[in-house]
Amino acid sequence: MIIGVLGPEGSYSERAAKLWMLKNDLETAELRYFEDIEDAFFAAAGGKTDISVIPIENSIEGSVGVTLDLLREDGAVISGEVVVKIEHCLLSKGSPEAIRIILSHPQALAQCRHFLKTNFPHAELRSTGSTSHAARLAGEFEEMAAIASPEAAEKYGLKVLLSNIQDRKENHTRFIVIRAEESGKYGTSGCKEEGEKSSKESDRIRGKCKTSLIAYLVKDRPGALYELLGAFAKRGINLTKIESRPSKRELGDYYFYIDFEGSASDALIKDALEDIKAKADILRVLGSYPALGNSEA
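Structure report, in brief. (Residues numbered from 1 in each chain as written. Predicted model: local features only at pLDDT ≥ 70, side-chain atom pairs only at ≥ 80, totals over all residues. Heavy atoms only, no water.)

Things to note about the overall build of the chain
Looking only at helices and strands, one finds ten helices and 15 strands in the chain. When the 297 residues of the chain are sorted by exposure, 51% land in the buried category. A fraction of 78% describes how many contacts in the chain between residues 6 or more apart in sequence connect residues 24 or more apart. (Helix = DSSP H or I, 4+ residues; strand = E, 2+ residues; numbered from the N terminus. Buried < 20%, exposed > 50% of the residue type's maximum accessible area, 1.4 Å probe, protein only. Contact = heavy atoms within 4.5 Å.)

Focus on the packing of aromatic side chains
Under the defined criterion, the tally for this structure stands at four aromatic pairs. Ring centres 5.3 Å apart and planes at 85 degrees place the aromatic pair F41 and F42 in the edge-to-face group. Residue classification places F41 among the buried positions, given a relative accessible area of 0%. Plain terms: the ring middles of F232 and F260 are 4.9 Å apart, the flat faces sit at 50 degrees to each other, and that makes the pair tilted. Of the two residues, F232 is situated in helix α9 (residues 224–233) and F260 in strand β14 (residues 254–261); the sequence distance between them amounts to 28 residues. Taken individually, F232 and F260 each receive the classification buried, so the pair is uniform in this respect. (Phe/Tyr/Trp six-rings, centres within 6.5 Å; stacked < 30°, edge-to-face > 60°.)

Describing unusual backbone geometry
A cis geometry characterises the amide bond from G7 onward to P8, with omega recorded as 0 degrees. Turning to its location among the elements, P8 is positioned in the loop between β1 (2–6) and α1 (12–23).

Here we look at the nonpolar core
Counting 23 residues, the largest nonpolar core has F41, I54, L71, I78, I176 and I178 as its most contacted members. For this core, the secondary structure elements donating two or more residues are α2 (37–45), β3 (51–58), α3 (65–70), β5 (76–85), β11 (172–180), β12 (209–216), β14 and β15 (282–290). The biggest single contributor to this core is α2, with five residues. Excluding anything up to four places from it in sequence, L71 contacts F41, I56, I78, I176, I214, Y257, R284 and L286. (Core = buried A, V, L, I, M, F, W, Y, C linked by side-chain atoms within 4.5 Å.)

Structural notes on the sheet that holds strand β9 (residues 144–148)
Strand order in this open sheet of five strands is β8-β7-β9-β6-β10, and the pairing throughout is mixed. Strands with a single pairing partner mark the edges of an open sheet, and in this sheet they are β8 (124–127) and β10 (159–162). Averaged over all pairs of adjacent strands, the angle between strand axes in this sheet comes to 35 degrees, irrespective of strand direction. With four bridges joining them, strand β7 (residues 101–104) and β8 adopt parallel strand pairing. (Pairing = 2+ DSSP bridges. Axes fitted to C-alpha atoms, helices over the stretch in contact; angles between N-to-C directions.)

Thoughts on helix α10 (residues 267–279)
Compared with the 18 Å implied by 1.5 Å per residue over 13 residues, the 19 Å span of α10 between its first and last C-alpha is a close match. The set of residues buried in α10 consists of I269, A272, L273, D275 and I276. Looking straight down α10, one finds that the buried residues subtend no more than 160 degrees of arc, so they occupy a single side. Opposite the buried face of α10, at more than 90 degrees from it, the exposed residues are E274, K277 and A278. Residue D266 occupies the N-cap position of α10, its side-chain oxygen lying 3.0 Å from the main-chain nitrogen of L268. (Expected span 1.5 Å × (residues − 1). Arc of directions from axis to C-beta. Polar contact = N/O pair within 3.5 Å; in protein donor to acceptor, adjacent residues only side chain to side chain.)

Considering the sheet that holds β15
Taken together, four strands build an open sheet; the order of strands is β13-β14-β12-β15 and the sheet is antiparallel. Looking at strand neighbours, the two that pair on one side only are β13 (239–246) and β15, the edges of this open sheet. Each strand axis lies, on average, 15 degrees off the axis of its neighbour in the sheet, ignoring direction. As judged from the eight bridges shared by β12 and β15, these two strands associate in the antiparallel manner. If you follow A215 over to β15, its bridge partner there is L283. Contacts between α10 and the sheet are confined to β12, β14 and β15, with β15 contributing the most and set at about 160 degrees to the helix.

In structure tokens form, the structure reads like this:
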């Protein structure tokens, strides 16, 4: 198996992939590194990797916009998720006093905004494709530092000047596992089908699985979103996330991303999806997959 991740080595995406491999007994899988999230996404969609593991949301900074936009593209579905504890460190070859430039991925810089403003108000902040890329670049000059993982420090021969520098102690990033779409399927993976199970058993399975979808509604139709959400409410289906994202057609026009408990193979969920399909102008089910919660302690 080939697994695509955001590179180079030492990234949090790599940590997420390795955790997913461990939990699925795939320690011998090969990791393939990509320069950005888009490349990793299309590698999976195009069959260049069996799966790719990409970030979708962070507990401090919220959703990763590029990932949400990519999920609107045909060709890939979600088949799993991994939640990783983020421990940002300030890494450098030099001393804190020598630092003039701090490098990292835009999400990491944002997650450490207060720390940077308080401790390095005059440092130049530069965005990179990943935290591990920042660490690799920081190894070139002593006046450069990177915000990255402890693994990146070890990989690129940097000193950990300060640990856990994110603005909130509890910092987790959710990664999704994507694979090429299969025609006619919702992309379920690890979620059991309902079959002839009792309603009690069906409820138990719905609590262990999560389904993600994208819905697009004509913006000028009054009550459209209310009607869509009502399809879940009247069936007792719990939403775990709802978020709007610009359609990029015009200002005020949005797609809605919805996560909810349950599998697309469950009769109750199927019924809800048919109801939503009749109300939404576009409906795309991204996949049903095991809901893991926090994958790391």
